[in-house]
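Results of the structural survey
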Amino acid sequence: MSANKKRLIYLIVYLAYTSIYISRVNLSVAEPSLEAMSLFDAAGYGVIGGLFSTVYSIGRLVNGTIGDKAPPWLMLSIGLGVAGAANIAIGFLPPYIGILLLWSINAYAQSMLWSSVLCVVSSIYKGPYLKRMTSLMVTAVASGNIIAILLGGWLILAFGVEFAFIIPGALNILLGGGVFLATRKISPADEVEDKRSHSSIFGLLKNRDILLMCIPSVFHGVMKENVTVWMVAYTAFAFGVDLGESAYYVLLIPVIGLIGRLIYPFFLKLFRERENSVALFGFAVCLAASVVLLFSGLGLAVAVVALGVVYASTSMINTSITSIYPMSYLESGNVSSVSGLLDFASYLGAGVSSAIYGIVIKSFGYVPMFISWILISVISVGVIILINKLRSGSVKPSKAKTEPNNT
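Residues numbered from 1 in each chain as written. Predicted model: local features only at pLDDT ≥ 70, side-chain atom pairs only at ≥ 80, totals over all residues. Heavy atoms only, no water.

Some words on the overall build of the protein chain
- Looking only at helices and strands, one finds 17 helices and zero strands in the protein chain.
- Its C-alpha atoms give the protein chain a radius of gyration of 20 Å, within 12% of the compact-globule value 22 Å for 407 residues.
- Seen along its three principal axes, the alpha-carbon backbone of the protein chain occupies a region of about 55 × 45 × 35 Å.
- Within the protein chain, the fraction of its 407 residues that count as buried is 59%.
- Long-range contacts, defined as pairs at least 24 residues apart, comprise 86% of the intrachain contacts of the protein chain with a sequence gap of at least 6.
- Roughly 15,600 Å² of accessible area belongs to the protein chain as shown, and the carbon and sulfur atoms make up 71% of that amount.
- Across the protein chain, the centroid of the 26 positively charged side chains sits 13 Å from that of the 18 negatively charged ones. (Helix = DSSP H or I, 4+ residues; strand = E, 2+ residues; numbered from the N terminus. Rg over C-alpha atoms; globule rule 2.2 N^0.38 Å. Buried < 20%, exposed > 50% of the residue type's maximum accessible area, 1.4 Å probe, protein only. Contact = heavy atoms within 4.5 Å. Areas by Shrake-Rupley, 256 points an atom, 1.4 Å probe, with all protein chains shown as cover. Lys, Arg positive; Asp, Glu negative; His and termini not counted. Charge placed at Lys NZ, Arg CZ, Asp CG, Glu CD.)

If you want it as structure tokens, here you go:
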């Protein structure tokens, strides 16, 4: 495959994955307007966010396993198409139960994508470029957040809240067609890797390293997803910022997150290619930023920057855990399933916590959420230190073929 063709495939997949976040964060941007229309309250919104993360987590587990065998074009084009259709349907503003159902369909469709994205990247890039291009692909998350806030806020103010769902949905469908054309000749993982060493999902669950990694995966998911779920509502609640004004403030959060994604290769090199050490550093920064968030009296700008730092740090953690770490299972053809399992843990934590936060926030405000972020950051630091100690040789390594081939 020529270098230009690789770049074209990579660009189309990057844009497609970016569009998924436009069709996810749009609900956060539209939340104040939908609440003003009495379609739901803070608790109801928390349930929607929680259900999205829960359905997404289950889908990542299922589709991660399927992604080891199914051609990437199939997973990507179907996922984008269904997510787009669900968003367009929400644009007709059905009752609360309809939004709940359609947002769950959107969640499952979006869960079909990331594992297949990793399969595409690992098929067209090898060697030293693989980690670099994988970490660059993850910047699509922050890019999608930035575009969603700008585009969603403008669409709501210019045309109405309906178009914050209709336009992103149409974009999903359009890029789904582009992905089909670009990736239709790329083989699934099990056609290019050693099938003899491939492990089932049950085999992966016996892997001590993966099971321990699920703990920080759960906890970083709680912070990462709830920053995007609650950022618009928090600025409106705590500082009385309206939609038009809040878009400019909350935009800073994904911008800082994008910076975190972009500088990830620097930190990976700084920590000598040890993705676990980057994750450990990220949780330490989350701890410090969460402490700052306890003091809303410091002002809107400080709060938004602190949220942005949490988002940037969890973005770096996310790159380490669900993108770089699964690549160490490339030889067994388990990149998709390992990524799916860790994302399952991440979004399960996000889903459960979002529903709980919705109830707590309605009664007690946002401080309890920030206190919980401090606690889970401390626990995650301890778990990653334990993983690093086990890897250093204090415990004899497993002979299983699904053990990671690097640290």
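Topic: the pattern of salt bridges
- Following the criterion strictly, the structure yields four salt bridges and no others.
- Two residues, D41 and K362, come together in a salt bridge whose shortest N-O distance is 3.2 Å. Placement of D41 in the loop between helix 1 (3–36) and helix 2 (42–67) and of K362 in helix 16 (residues 335–364) is noted, with a sequence separation of 321 residues between them.
- D41 gets classed as partly exposed once you look at its relative accessible area, which sits at 32%.
- Each member of the salt-bridge network shares a partner with another, and the members are R24, K224 and E225. (Salt bridge = Lys/Arg side-chain N within 4 Å of Asp/Glu carboxyl O.)

Looking at the packing of aromatic side chains
- According to the stated counting rule, one finds 18 aromatic pairs in the structure shown.
- Judged by centre distance (5.7 Å) and plane angle (65°), the rings of Y17 and Y21 are edge-to-face. Here the residue Y17 and the residue Y21 both occupy positions in helix 1, the gap between them amounting to four residues, near one helical turn.
- In this structure Y17 comes out as buried when scored by relative accessible area, which is 4%. (Phe/Tyr/Trp six-rings, centres within 6.5 Å; stacked < 30°, edge-to-face > 60°.)

Looking at the packing of helix 1 against helix 3 (residues 72–90)
- Running from amino to carboxyl end, helix 1 crosses helix 3 at an angle of 25°, the nearest separation of the two axes being 11 Å. In terms of orientation, helix 1 lies roughly parallel with respect to helix 3. In this structure, helix 1 meets helix 3 at a crossing whose hand is left-handed. Contact residues: helix 1 offers A16, S19, I20, S23 and N26, while helix 3 offers L80, A83 and N87.
- Among the residues forming the contact of helix 1 with helix 3, the class breakdown is four nonpolar, four polar and no charged. (Axes fitted to C-alpha atoms, helices over the stretch in contact; angles between N-to-C directions. Parallel < 35°, antiparallel > 145°, perpendicular 65-115°, else oblique. Left-handed = near helix turned anticlockwise from the far one by under 90°. Nonpolar A, V, L, I, M, F, W, Y, C, P; charged D, E, K, R; others polar.)

Regarding the side chain of S28
- With respect to the helices, strands and loops of the structure, S28 is situated in helix 1.
- S28 sits in the buried class, given a relative accessible area of 6%.
- Setting aside residues up to four positions removed in sequence, S28 forms contacts with Y45, T228, V229 and V232.

Remarks on unusual backbone geometry
- We note that L93 has phi near 50°; this positive angle belongs to a residue other than glycine.
- With respect to the helices and strands, L93 occurs in the loop between helix 3 and helix 4 (96–110).
- Of note in the backbone geometry, R272 takes a positive phi value of approximately 60° without being a glycine.
- Mapped onto the elements of the fold, R272 is located in the loop between helix 13 (264–270) and helix 14 (275–293).
- R272 gets classed as exposed once you look at its relative accessible area, which sits at 66%.

So, a nonpolar patch on the surface
- On the surface, L136, I259, L262, I263, F266 and L270 cluster together into a nonpolar patch covering about 550 Å² of accessible area.
- Those elements giving two or more residues to the nonpolar patch turn out to be helix 12 (252–262) and helix 13.
- As for its placement among the helices and strands, F266 is situated in helix 13. (Patch = residues over 30% accessible without salt bridge, like charges linked within 9 Å, V, L, I, M, F, W, Y side chains within 5 Å.)

Side note on the environment of S353
- With respect to the element layout, S353 can be found in helix 16.
- For the pair S353 and R7, spaced 346 residues apart in sequence, the C-alpha to C-alpha distance is 38 Å.
- Not counting chain neighbours up to four residues away, the residues in contact with S353 comprise V222 and N226.

With respect to the state of the cysteines
- In this structure the tally under the stated criterion is zero disulfides.
- In this structure C119 is not part of a disulfide, and its nearest cysteine sulfur, from C214, lies 19 Å away.
- Since its relative accessible area comes to 3%, C119 is described here as buried. (Disulfide = S-S within 2.5 Å.)

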